[in-house]
Amino acid sequence: MTRLRNIAIALAAPLLAIVFSLAVTSLVIQISGGSASDFISILFSWPADRLLVNIANQTSLIYLSALAAAVGFRMNLFNIGVEGQYRMAAYAGALFAGAAFLPGALNVIGALLVAVAVGAAWAGIAGLLRVTRGVSEVISTIMLNAIAITITGYLINTYGIKAGDSRRTEAIPESSQVPGWQPFDKAAGEVWTLGLLAVIAGVSFWLVLNKTRFGFDLRATGQSESAAIASGVNSKKMTMVTLLISGGIAGLIWMPSLFGSAHYYGTTFQAGLGFTGIAVALLGRNRALPIAFAALLFAYLNEQSNRLTIEAGISVEVIQITQGIIVLAVVIAYELVRRYRLRAEEREVAQAPRPGATTEEVSA
Amino acid sequence: MGKITALAAVAVLALAGCGSDDDSDGGDDNNAGSGGNALDCSAADGDGPKVGIAYDVGGQGDKSFNDAAAVGVKKAVDDLGATCTEAEATDGEAESAREDRLRQLADGGHNPILAVGFLYSEAVNKVAPDYPDISFDVVDGFDPDDEANDNVAYLGFAEEQGSFLVGVAAATKSEAGNVGFVGGVNSDLIKKFEAGFTAGAKAVNPDIEIQVKYLQESDPKGFNDPAAGKATATGMYDQGADIVYHASGGSGAGVFQAAVEAGDGKWAIGVDSDQWQTASETEQAHILTSMLKRVDVAAFDAISAVDKGEPLVSYQVYDLKVDGVGYSTSGGFVDDITGDIDGYADQIKSGEITVPTAP
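Residues numbered from 1 in each chain as written. Chains lettered and ligands numbered in written order. Predicted model: local features only at pLDDT ≥ 70, side-chain atom pairs only at ≥ 80, totals over all residues. Heavy atoms only, no water.

Quick word on the overall build of chain A
Here is step 1 of the chain: Summing up its helical and strand segments, chain A has 15 helices and two strands in all.
Here is step 2 of the chain: Here the C-alpha coordinates of chain A stretch approximately 85 × 55 × 35 Å along the principal axes.
Here is step 3 of the chain: Per-residue burial for chain A yields a buried fraction of 52% across its 364 residues.
Here is step 4 of the chain: Residue pairs at least 24 apart in sequence account for 75% of intrachain contacts in chain A once pairs closer than 6 positions are excluded.
Here is step 5 of the chain: Accessible surface computed for chain A: about 16600 Å², of which carbon and sulfur atoms make up 67%.
Here is step 6 of the chain: Computed over 25 positive and 20 negative side-chain charges, the inter-centroid distance for chain A is 8 Å. (Helix = DSSP H or I, 4+ residues; strand = E, 2+ residues; numbered from the N terminus. Buried < 20%, exposed > 50% of the residue type's maximum accessible area, 1.4 Å probe, protein only. Contact = heavy atoms within 4.5 Å. Areas by Shrake-Rupley, 256 points an atom, 1.4 Å probe, with all protein chains shown as cover. Lys, Arg positive; Asp, Glu negative; His and termini not counted. Charge placed at Lys NZ, Arg CZ, Asp CG, Glu CD.)

Spelled out as structure tokens, the structure:
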């Protein structure tokens, strides 16, 4: 019974946060002269086929990004640098795949490994600074974000192929492009095969964190570093390895899109996923399955936003308001739930009959 | 719990942070007086072309080239009885979101569909073949593959020619023999501005010193960072420049401030629109001229072509010959040298002078 109630409470928190956020956004829209009923009805109408495909694709990218952030968060390591890590990795992966050193599928695997290695290395810089010099990873990863965008920009401007007034890397040869699954007609597009990377990463995340010694050490360090050290955990090594894993996952973020549709790094590169991931990880409380739902929610909101402007003249920015408020509200909701549970537990303990207690004491 | 709260703050800041990450194509700012008579699509009910506009990030009201396109559509609403529907990009959106936006406009029966900014190039290339009866126009766009689309027009501008003319103005007016160029992002597009400006200044004074600085290597934030614009321009004035030309979108506001603080005899040159019109009174005294990039002309052109039944296709270049670029005379600071500038303009039009597009 208590278990069931706990699950219900856990679900209630994010749902309340969403409802609250939609209410606030509706209010904002109504005040600024738009129609809140249009907003709600468009948001909740079933998406068109191609939007369903896009939602599936975007969910996989956002999920990978959120996982990358969550690994660190579970250990109280704030890797804010997922953005820079996946940008560097996306560029390196696209460069490697475009150069076509290897044939066909080998090229894909090679590029994925390069991307993971580059993402991990970029996060590793922050890890080294933290371990050897005690530099806060929050500061260093934010700085590394700025450096990443400058380096990739310089490289693409210097060595990229000219396309109009922009630049891009060499396109991936056709034999190494990964065709997707086409659930509807051609115009609706394909679900990227490499989106499965998100599923694999999610399952591995859960297994490693919950079923291995390493995962236990990681969670223990996150909950109390001093206690973990006292029990023999090498915290420096843990910090380094966790950041490398976080960066490695970050390296995969854009890969489904690269091999599924973009085929080169250029104007179609999707920036900003690293930041979305932080919010989604928080919303999903850094747990593998809840993050998946959070990623789906964010992808859904993003994809429905086009229709808001076209059909109802509501600015697309309101979706960012909605997402921001969901994140804030969910933190408050989780805290309320935590207190409620604590009180409920206290009450239960208080009511539980003490051995040898008289009936009067219990009823009091 | 404190850590989680801190994290939430970071997350919200991050979401807000990407909000300022302006993805605009660059160098485009306040276009010709779009303040008072903004485009209102809900009020347009003529029987002319049904125009779909896909804005870049910022949409209408960005005081940038989105507004410039809106001015062109407004003209079509007034003159051709056009109706319109607007759609707008968000920061860090997926490529598929851009495609979807175009498809929704196409499914809604709009023709032509104006895509504002070169970021739409790839999306248009994918979507256009599915709608052969609809004309697509991409401002600053390009065809990403070898297969030509016969229902897509790429509206390009000869920014280097307009920049050449303000370079002439700068070199003629400079007493120090030292001028500056501030670019928003070090991209090929903005290098066209630099190349034209440098060529124009050297045409007048081969010995002139030209300081060149870009605010960002590739981060689009370079178009939306007035503080960096100000710091960079101040550095140039300190190094002896007396005129600074900026092609840095919203960062230009900082360049104007730097000119004001540098004092009398220090000038700035605006870009894309007549920035004297939208500047404050103290700034107006320091804005020598502006390079004009007439996105509104191109947008109206594309719509009226569809109205006439002969939609534009392929690459369309808006240069000096068709008044697609030019310079402004507001403030009257270059009135005494318009003869010289127009002389160079004539030489460019006749082909006597070929302006380089890369520095």
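Describing the state of the cysteines
Residues and elements named next belong to chain B.
Here is step 1 of the chain: By the definition in use, this model includes one disulfide over all chains.
Here is step 2 of the chain: Across a sulfur-sulfur distance of 2.1 Å, cysteine 41 and cysteine 84 are joined as a disulfide pair. Handedness here is read from the sign of the S-S torsion; for cysteine 41 and cysteine 84, about -120 degrees, the answer is left-handed. One end of the pair, cysteine 41, is in the loop between α1 (2–19) and β1 (50–55); the other, cysteine 84, is in strand β2 (residues 83–88), and 43 residues separate them in sequence.
Here is step 3 of the chain: Using a relative accessible area of 10% as the deciding quantity, one classes cysteine 41 as buried. (Disulfide = S-S within 2.5 Å.)

Quick notes on the environment of aspartate 143 of chain B
Here is step 1 of the chain: Within the secondary structure, aspartate 143 of chain B is located in the loop between β4 (136–139) and β5 (152–157).
Here is step 2 of the chain: Each C-alpha atom of the pair aspartate 143 of chain B and tyrosine 55 of chain B lies 19 Å from the other, and the pair is 88 residues apart in sequence.

Examining the domain arrangement of chain A
Residue and element names in this part refer to chain A.
Here is step 1 of the chain: Segmentation of chain A into domains returns domain 1 (1–34 + 317–364) and domain 2 (51–313).
Here is step 2 of the chain: If you average the C-alpha positions of domain 1 and of domain 2, the two centres end up 31 Å apart.
Here is step 3 of the chain: Counting from both sides, the interface comprises ten residues of domain 1 and, opposite them, ten residues of domain 2.
Here is step 4 of the chain: Between domain 1 and domain 2, a total of about 960 Å² is buried, with carbon and sulfur atoms accounting for 79% of that surface.
Here is step 5 of the chain: Of all residues in domain 1, Ile319, Gln323 and Tyr334 bury the most surface against domain 2, accounting for 51% of the area lost on that side.
Here is step 6 of the chain: Between the two partners, domain 1 and domain 2, sit two residue pairs in polar contact (both at pLDDT 80 or more).
Here is step 7 of the chain: Broken down by element, the side of domain 1 that touches domain 2 gets its largest block of residues, nine residues, from helix α14 (residues 317–351).
Here is step 8 of the chain: A class-by-class count of the residues in the side of domain 1 that touches domain 2 yields eight nonpolar, two polar and no charged. (Domains from an automatic or database assignment. Buried area = accessible area lost by both parts, 1.4 Å probe. Polar contact = N/O pair within 3.5 Å; in protein donor to acceptor, adjacent residues only side chain to side chain. Nonpolar A, V, L, I, M, F, W, Y, C, P; charged D, E, K, R; others polar.)

Quick notes on the pattern of salt bridges
Here is step 1 of the chain: Within the structure shown, the criterion is met by 22 salt bridges over all chains.
Here is step 2 of the chain: When the shortest N-O distance is used, the salt bridge between arginine 213 of chain A and aspartate 217 of chain A registers 3.4 Å. With arginine 213 of chain A and aspartate 217 of chain A both in helix α8 (residues 213–223) and four residues apart, this pair spans about one turn of that helix.
Here is step 3 of the chain: A relative accessible area of 60% means that arginine 213 of chain A is categorised as exposed.
Here is step 4 of the chain: Overall, aspartate 217 of chain A belongs to the buried group, its relative accessible area being 11%.
Here is step 5 of the chain: Two residues, glutamate 93 of chain B and arginine 98 of chain B, come together in a salt bridge whose shortest N-O distance is 3.5 Å. The pair formed by glutamate 93 of chain B and arginine 98 of chain B is uniform in burial state, with each residue classed as buried.
Here is step 6 of the chain: When salt bridges with common partners are traced through the structure, they connect Lys162 and Arg167 of chain A together with Asp188 and Lys191 of chain B into a single cluster. (Salt bridge = Lys/Arg side-chain N within 4 Å of Asp/Glu carboxyl O.)

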